[in-house]
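# Architecture and fold: a report
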Amino acid sequence: MDTMRDRFIEVTSGLLDEDPRLALVLADISAAGFQQAAGRHPDRLVNVGIREQLLIGAAAGLALTGMRPIAHTFASFLIERPFEQVKLDLNHQGVGAVLVSAAGSYDWPAGGRTHMSPGDVALLDTLPDWTVHVPGHPDEAERLLRHAVADGDRKVYVRLSAHQNEQAVKVEPGRFTVVREGARGAVVAVGPMLDAVLAATANLDVTVLYAATVRPFDGAALRAATQRRADVVLVEPYLAGTSANAAHEALADRPHRLLALGVPQAEHRQYGSIPEHLAAYGLDAHGLRERIDGFLK
Amino acid sequence: MTNRTRTTASGFGDLPGLMALMTGDEKHGPAATSTLDALWVLYDRVLRVTPETAQDQDRDRFLLSKGHGPMAYYAVLAAKGFLDPEVLPSFGAYDSPLGHHPDRLLVPGVEISSGSLGHGLPIGVGTALGLRAQGLHDPAVWVLLGDAEFDEGSNHEAVAFAGAYGLDRLHALVIDNSSATHGWRGGIAARFAAEGWSAETVDGRDHEALHAAYTAAHPDRPRVVVARVEPKNS
């Protein structure tokens with residue numbers, strides 16, 4: 001199976017051929033993959049080098065001239081490092097862009113903290129009007145990326161990961177999908193967390209909602225899934241609790257309980273592999289089952 | 001009142017009066033007017049943009065990166081008809097379009113919202129790239145920065161890239177009033193020149209020198225004009 005990042009390169013290269021309004025700005029990351037497309041579109045595929053403030057500023061300038069820019073690098077260097085550019089060059093100027101990240105929270109554990117960005121979605125939550133897609137499979141990444149590029153001049157973040165589910169879900173951008181129905185509460189699995197959530201809840205009488213778009217947060221789907229019992233478990237592949245406020249808002253008019261699982265805030269000074277980190281964070285099937293059982297009983 | 005202001009506010013000599021509508025004082029120190037001559041010559045004789053063409057895709061674009069102390073900028077915009085001089089006295093008021101840093105969504109003719117330093121030149125790079133990608137090779141992009149603003153590292157990302165990329169429709173105008181805390185040994189122009197820009201330093205109060213520097217040919221390279229004015233703390 002290809003990775004979401006492979007699919008991003010393939011789909012974006014094709015979109016550059018089809019859509020004269022589209023521009024892609026890179027900061028060295030993935031530049032090798034885009035070499036052919038760069039040859040075909042030297043004016044619309046620009047690699048600024050390892051300059052992430054310029055990456056976002058240039059994307060904003062392109063948008064000011066009426067183009068639809070995509071900016072891409074690792075999440076640490078796309079959202080965290082140039083965050084003021086995201087806030088001022090995009091939001092404050094009133095222009096849109098598609099930001100496509102790779103590496104996410106724990107994709108390269110041996111790379112350590114410098115290449116981990118579990119706080120990216122929480123940071124974007126401090127700004128208005130961001131759509132945030134967190135696909136769990138290359139097919140979903142393709143669908144959400146195409147949707148994002150065609151989504152007018154909106155501000156869209158597409159968070160790609162090397163961690164992915166075995167099978168794609170036929171996601172509708174902006175909506176949660178009911179994967180399994182049950183009576184004793186709802187578990188919301190975000191993107192790459194779905195396989196572990198399904199394994200952890202295999203014999204539990206709970207509804208499993210799948211979220212490949214987390215902003216806007218599909219509160220209506222959560223309300224519908226918690227009609228019988230308003231117990232909610234969030235399982236997110238980034239900072240634990242990132243969507244807790246959104247879930248509370250959706251259920252503000254009824255008593256409810258919430259368990260928000262995700263990547264812990266504390267620095268985890270271990271290297272190793274993705275499965276080792278998921279286990280250490282309690283986000284593998286075993287860890288999830290233990291905590292979900294404790295919460296629901 | 002409006003008509004009289006509009007008909008008289010057409011020359012450089014009218015700018016202090018327009019600024020006084022914002023500051024309440026006819027006399028302005030060097031800091032408040034550091035950009036005034038450079039802005040006036042640019043808008044009066046160089047930029048191909050008017051209130052009527054301010055939305056045209058092939059207009060020249062002026063990006064005020066140094067958004068602090070925008071009275072001179074607002075005065076020039078008023079003198080050139082982008083702004084009604086009647087709004088100038090509202091400067092900084094709750095419902096005024098005129099903040100102490102400009103907002104492009106509130107002021108006609110303002111290309112970017114600025115205030116935080118070091119954002120204009122990277123946005124200018126993207127603007128020049130966007131125009132080039134659309135086959136618009138005539139419009140010029142001008143970005144005004146200050147010498148202290150040049151401390152911000154984001155500028156240096158843009159200077160190095162624009163020079164290497166040969167973004168020849170990009171122009172930087174640096175107002176140098178010696179306000180950078182640690183100075184720029186060897187001068188600011190040298191930083192741009194080292195990255196392949198066409199660079200010139202002129203007297204920022206000399207209108208003919210400014211005009212000549214603005215209009216000099218610079219094939220295949222971006223251009224910087226450093227306009228030196230009185231030191232801020234002199």
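Quick caveat, the model's predicted, so the values are computed rather than measured. (Residues numbered from 1 in each chain as written. Chains lettered and ligands numbered in written order. Predicted model: local features only at pLDDT ≥ 70, side-chain atom pairs only at ≥ 80, totals over all residues.)

## Thoughts on the overall build of chain A
Going by this rule: The helix count covers DSSP runs of H or I at least four residues long, the strand count covers runs of E at least two residues long, and both are numbered beginning at the N terminus. Only C-alpha atoms enter the radius of gyration; for comparison, a globular chain is expected to reach 2.2 Å times N to the power 0.38, where N is the number of residues. Comment: burial labels come from other C-beta atoms within 10 Å of the residue's own C-beta, placed from the backbone, where a count of 20 or more is buried, 12 or fewer is exposed, and between is partly exposed.
Each helix and strand in chain A was counted, giving 12 helices and 12 strands. Its C-alpha atoms give chain A a radius of gyration of 19 Å, within 12% of the compact-globule value 19 Å for 297 residues. Principal-axis analysis of the C-alpha atoms places the extent of chain A at approximately 60 × 40 × 35 Å. Within chain A, the proportion of its 297 residues that are buried is 54%.

## Digging into the overall build of chain B
To be explicit about the condition: Note that contacts rest on C-beta atoms placed from the backbone: two residues are in contact if these are within 7 Å.
Across its full length, chain B carries 8 helices and 5 strands. Listing the helices and strands of chain B from first to last along the sequence gives α-α-α-β-α-α-β-α-β-α-β-α-β. In terms of C-alpha radius of gyration, chain B reaches 17 Å, essentially the compact-globule figure of 17 Å for 234 residues. Each principal axis of the C-alpha atoms in chain B carries an extent, and together these give about 50 × 45 × 35 Å. The buried share of chain B, taken over its 234 residues, is 51%. For chain B, the proportion of contacts with a sequence separation of at least 24, taken over those separated by at least 6, is 76%.

## Quick notes on the sheet that holds strand β2 (residues 45–47) of chain A
All names here are of chain A. Heads up, the condition is: Should DSSP find at least two bridges between two strands, the strands are taken to pair. Axis angles are defined between N-to-C directions and span 0 to 180 degrees, where every axis is a line fitted to C-alpha atoms and, for a helix, only to the segment in contact.
Pairing is mixed across the open sheet formed by 7 strands, whose spatial order is β2-β1-β3-β4-β6-β5-β10. A single partner strand is all that each edge strand has here, and the edge strands are β2 and β10 (213–215). When the angles between neighbouring strand axes are averaged without regard to direction, this sheet yields 20 degrees. Against the sheet, helix α1 (residues 4–18) contacts β1 (22–26), β2, β3 (68–74) and β4 (97–102), and its axis sits at roughly 140 degrees relative to β1.

## With respect to the packing of helix α3 (residues 36–46) of chain B against helix α8 (residues 207–215) of chain B
All names here are of chain B. Test applied: Just so you know how the angles are binned, under 35 degrees is roughly parallel, over 145 roughly antiparallel, 65 to 115 roughly perpendicular, and the rest oblique. Take the far helix as your reference; a near helix turned counterclockwise from it by less than a right angle gives a left-handed crossing, and one turned clockwise gives a right-handed crossing.
Orientation of α3 relative to α8, taken along the N-to-C sense of each, is 60 degrees, at an axis distance of 10 Å. By the angle between their directions, the pair α3 and α8 is classed as oblique. Crossing handedness for the pair α3 and α8: right-handed. Contact with α3, carried on its side by Asp37, Ala38, Val41, Leu42, Arg45 and Val46, involves His207, Leu210, His211, Tyr214 and Thr215 of α8 and no other residues of that element.

## Overview of the interface of chain A and chain B
Operational definition: Polarity classes work like this: nonpolar for Ala, Val, Leu, Ile, Met, Phe, Trp, Tyr, Cys and Pro, charged for Asp, Glu, Lys and Arg, and polar for all others, with Gly in that last group.
Each side of the interface is counted separately: chain A has 24 residues, and chain B has 22 residues. For the side of chain A that touches chain B, the secondary structure elements donating two or more residues are α3 (52–64) and α5 (83–92) of chain A. The dominant element in the side of chain A that touches chain B, judged by the number of residues it contributes, is α3(A), at 9 residues. Along the lines of polarity and charge, the residues of the side of chain A that touches chain B split into 11 nonpolar, 8 polar and 5 charged.

## Describing the nonpolar core
We apply this condition: What makes a nonpolar core is a set of buried Ala, Val, Leu, Ile, Met, Phe, Trp, Tyr and Cys residues, with links drawn between C-beta atoms within 7 Å. Here the bounds of each domain stem from an automatic or database domain assignment.
Counting residues in each nonpolar core, the largest one holds 166 residues, and the members touching the most others are Val188(A), Ala189(A), Val235(A) and Val125(B). Counting residues domain by domain, this core receives three or more from each of domain 1 (4–159) and domain 2 (177–296) of chain A. Those residues within four positions of Val125(B) in sequence are excluded, and the remaining contacts are Leu54(A), Gly57(A), Ala58(A), Gly61(A), Ala158(B), Phe161(B), Ala162(B), Leu167(B) and Leu170(B).

## Observations regarding helix α5 (residues 120–133) of chain B
All names here are of chain B. Put simply, the test is: A helix is expected to reach a length of 1.5 Å times the quantity of its residues less one.
Taking 1.5 Å per residue as the helical rise, α5 with its 14 residues ought to reach 20 Å, and the 20 Å between its terminal C-alpha atoms agrees with that figure. The element α5 is extensively covered by neighbouring structure, given that 14 of its 14 residues are classed as buried. Where α5 ends, the next residue or the one after it, Gly135, has phi of about 75 degrees, a positive value.

## With respect to the sheet that holds strand β1 (residues 61–64) of chain B
Residues and elements named next belong to chain B. Taken in spatial order, the 5 strands of this open sheet run β1-β2-β3-β5-β4, and their pairing is parallel. Lying at the two open borders of the sheet, with one neighbouring strand each, are β1 and β4 (198–203). For this sheet, the mean angle separating the axes of adjacent strands, direction not counted, is 20 degrees. Of the strand pairs in this sheet, β4 and strand β5 (residues 223–228) are connected by 6 bridges, and their pairing is parallel.

## Here's the deal with the packing of α3(A) against helix α6 (residues 153–165) of chain B
At their nearest, the axes of α3(A) and α6(B) sit 8 Å apart, and the two run at 75 degrees to each other. Here α6(B) runs roughly perpendicular to α3(A), going by the angle between their axes. Mapping the contact onto sequence places Gln53(A), Leu54(A) and Gly57(A) in α3(A) and Ser154(B), Glu157(B), Ala158(B) and Phe161(B) in α6(B). In the contact of α3(A) with α6(B), the residues fall into 3 nonpolar, 3 polar and 1 charged.

## Some words on the confidence of the model for chain B
Low pLDDT marks stretches whose predicted atomic positions should not be read closely. All names here are of chain B. Using the following cut-off: A score from 0 to 100, pLDDT tells how confident the predictor is in each residue.
Mean pLDDT for chain B: 94, with 96% of residues reaching 70 or above. With pLDDT under 50 throughout, residues 1–9 is counted as low confidence; its partners more than four residues away or in other chains account for 9 contacts. With pTM at 0.97, the complex prediction returns an ipTM value of 0.97.

## Focus: α1(A)
Residues separated by three or four positions in an α-helix point in the same direction, a consequence of the helix having 3.6 residues per turn. All names here are of chain A. With 15 residues, α1 ought to run about 21 Å at 1.5 Å a step, and its terminal C-alpha atoms sit 21 Å apart, in line with that. Inspection of α1 places Met4, Arg5, Arg7, Phe8, Ile9, Thr12 and Leu16 among the buried residues, and these make up the whole buried set. Buried residues in α1 make contact with β1, α2 (35–40), β2, β3, β4 and α7 (138–149).

## Examining unusual backbone geometry
All names here are of chain A. The peptide bond linking Arg215 to Pro216 adopts the cis configuration, its omega dihedral lying at -5 degrees. Checked against the element boundaries, Pro216 lands in the loop between β10 and α9 (219–225). Non-glycine residue Asp28 carries a positive phi angle of around 75 degrees. For Asp28, a count of 15 C-beta atoms within 10 Å corresponds to the partly exposed category.

## Focus on the pairing of strand β12 (residues 257–263) of chain A
Where strand β11 (residues 231–239) of chain A lies against β12(A), 6 bridges are found, and the strand directions are parallel. If you follow Asp231(A) over to β12(A), its bridge partner there is Arg257(A).

## Brief notes about the domain arrangement of chain A
Residue and element names in this part refer to chain A. Domains assigned within chain A are domain 1 (4–159) and domain 2 (177–296). Each of domain 1 and domain 2 has a C-alpha centre, and these two points are 26 Å apart. Taken together, the 23 residues of domain 1 in the interface contact 21 residues of domain 2. The set of elements that each furnish at least two residues to the side of domain 1 that touches domain 2 consists of α6 (120–124), β5 (130–133) and α7. Per element, the largest residue contribution to the side of domain 1 that touches domain 2 is 4 residues, and it comes from β5. Residue composition of the side of domain 1 that touches domain 2, grouped by class: 11 nonpolar, 7 polar and 5 charged.

## Considering the environment of Ala212(B)
Residue and element names in this part refer to chain B. Along the chain, Ala212 falls in helix α8. According to the C-beta neighbour criterion, Ala212 is partly exposed, with 14 such atoms within 10 Å. Each C-alpha atom, one on Ala212 and one on Val202, is 9.5 Å from the other, the two residues being 10 residues apart in sequence.

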